[in-house]
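# Coordinates in review
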Amino acid sequence: MINQMKIRTVRIACVTIPAGRILLLAGIVCLCTLRNSEAKEDGSAAALAQLRGLAGEWEGSFEWSGARTATGNINATYYETGNGSAVVENLAVNGAPSMTSVYHLDGADLRITHYCAAQNQPRLKARHIDVAKGILDFDFVDATNLRSPDAPHVYGLEMRLLNADHITLAFLFEGDGKRSKEFIDLKRIGHKPSTQ
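## Points about the layout of surface pockets
Here the largest pocket defines a volume of roughly 200 Å³. Those elements that provide at least two residues to the lining of the largest pocket are strand E3 (56–66), strand E6 (96–106) and strand E11 (166–175). Split by residue class, the lining of the largest pocket holds 11 nonpolar, 2 polar and 2 charged.

## Observations concerning the nonpolar core
Tyr 78, Tyr 103, Leu 169 and Leu 186 are the most contacted members of the largest nonpolar core, which totals 31 residues. Beyond its immediate sequence surroundings of up to four residues, Tyr 78 is in contact with Leu 54, Ala 55, Gly 56, Trp 58, Val 87, Val 88, Glu 89, Met 159, Ile 167, Leu 169 and Leu 186.

## Focus: the pairing of strand E8 (residues 121–130)
Alignment of strand E7 (residues 109–115) against E8, held across 3 bridges, turns out to be antiparallel. When the bridges of E8 are listed, Thr 113 appears paired with Arg 123. Turn length for the E7-E8 hairpin, with the two strands adjacent in sequence and antiparallel, is 5 residues, and the turn residue Gln 119 shows positive phi of about 65 degrees.

## Quick look at the confidence of the model for the protein chain
Of all residues in the protein chain, 76% attain a pLDDT of 70 or more, and the chain-wide mean is 86. Low confidence marks residues 30–40, where pLDDT is under 50. Its contacts with residues over four positions away, or in another chain, come to 3 contacts.

## A closer look at the sheet that holds strand E9 (residues 135–144)
Taken in spatial order, the 10 strands line up as E3-E4-E5-E6-E7-E8-E9-E10-E11-E12 and close into a barrel, and their pairing is antiparallel. Direction aside, neighbouring strands of the sheet carry axes that sit 25 degrees apart on average.

Calculation rules
- Residues numbered from 1 in each chain as written.
- Predicted model: local features only at pLDDT ≥ 70, side-chain atom pairs only at ≥ 80, totals over all residues.
- Heavy atoms only, no water.
- 1 Å grid on protein atoms, 1.4 Å probe; cavity = no way out; pocket = protein on both sides within 12 Å on 5 of 7 lines; lining within 4 Å.
- Points joined across faces, edges and corners; volume = space filled by probe spheres on them.
- Helix = DSSP H or I, 4+ residues; strand = E, 2+ residues; numbered from the N terminus.
- Nonpolar A, V, L, I, M, F, W, Y, C, P; charged D, E, K, R; others polar.
- Core = buried A, V, L, I, M, F, W, Y, C linked by side-chain atoms within 4.5 Å.
- Buried < 20%, exposed > 50% of the residue type's maximum accessible area, 1.4 Å probe, protein only.
- Contact = heavy atoms within 4.5 Å.
- Pairing = 2+ DSSP bridges.
- pLDDT = per-residue confidence, 0-100.
- Axes fitted to C-alpha atoms, helices over the stretch in contact; angles between N-to-C directions.

As structure tokens, then:
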């Protein structure tokens with residue numbers, strides 16, 4: 001025969017709380033967590049939609065600062081791939097392909113795989129998204145083909161969608177214990193292609 005015991009209260013840190021209140025609090029925590037996850041997913045999806053709007057040709061300038069210094073002109077092309085599930089960013093310096101980044105969703109997260117001129121592929125995840133202000137900030141998750149933790153690689157990206165025809169990128173770069181920033185300022189030169 002099994003004895004059944006009805007739980008009426010739970011004692012936590014010398015405070016007696018009725019079991020019903022514990023269940024109510026647990027339910028509220030679950031709902032808040034679910035809402036935060038849904039809000040994050042909605043923000044990531046809205047940000048990817050904004051990135052889709054970049055489709056077309058862009059031109060501008062780049063400037064390195066920090067451990068590395070250089071300036072020059074740069075061109076960019078943005079287009080959708082994967083049936084609209086990803087946005088590809090191709091950056092070219094003096095007409096030569098330099099870097100490619102692919103922006104995509106991974107569940108509720110907005111992510112980037114960056115195919116770097118340093119010949120490795122950092123993967124980044126959005127840390128901060130503010131669709132209304134056009135702010136997308138990404139942090140390093142991991143990288144493929146990274147020879148060592150000190151090997152040169154991108155560890156972050158700060159993207160600003162200033163308006164439909166003007167964006168900036170700031171690639172945060174580190175290697176051999178030194179940090180640099182590559183600031184890219186781009187303006188649209190080609191009309192956005194139709195998505196028929």
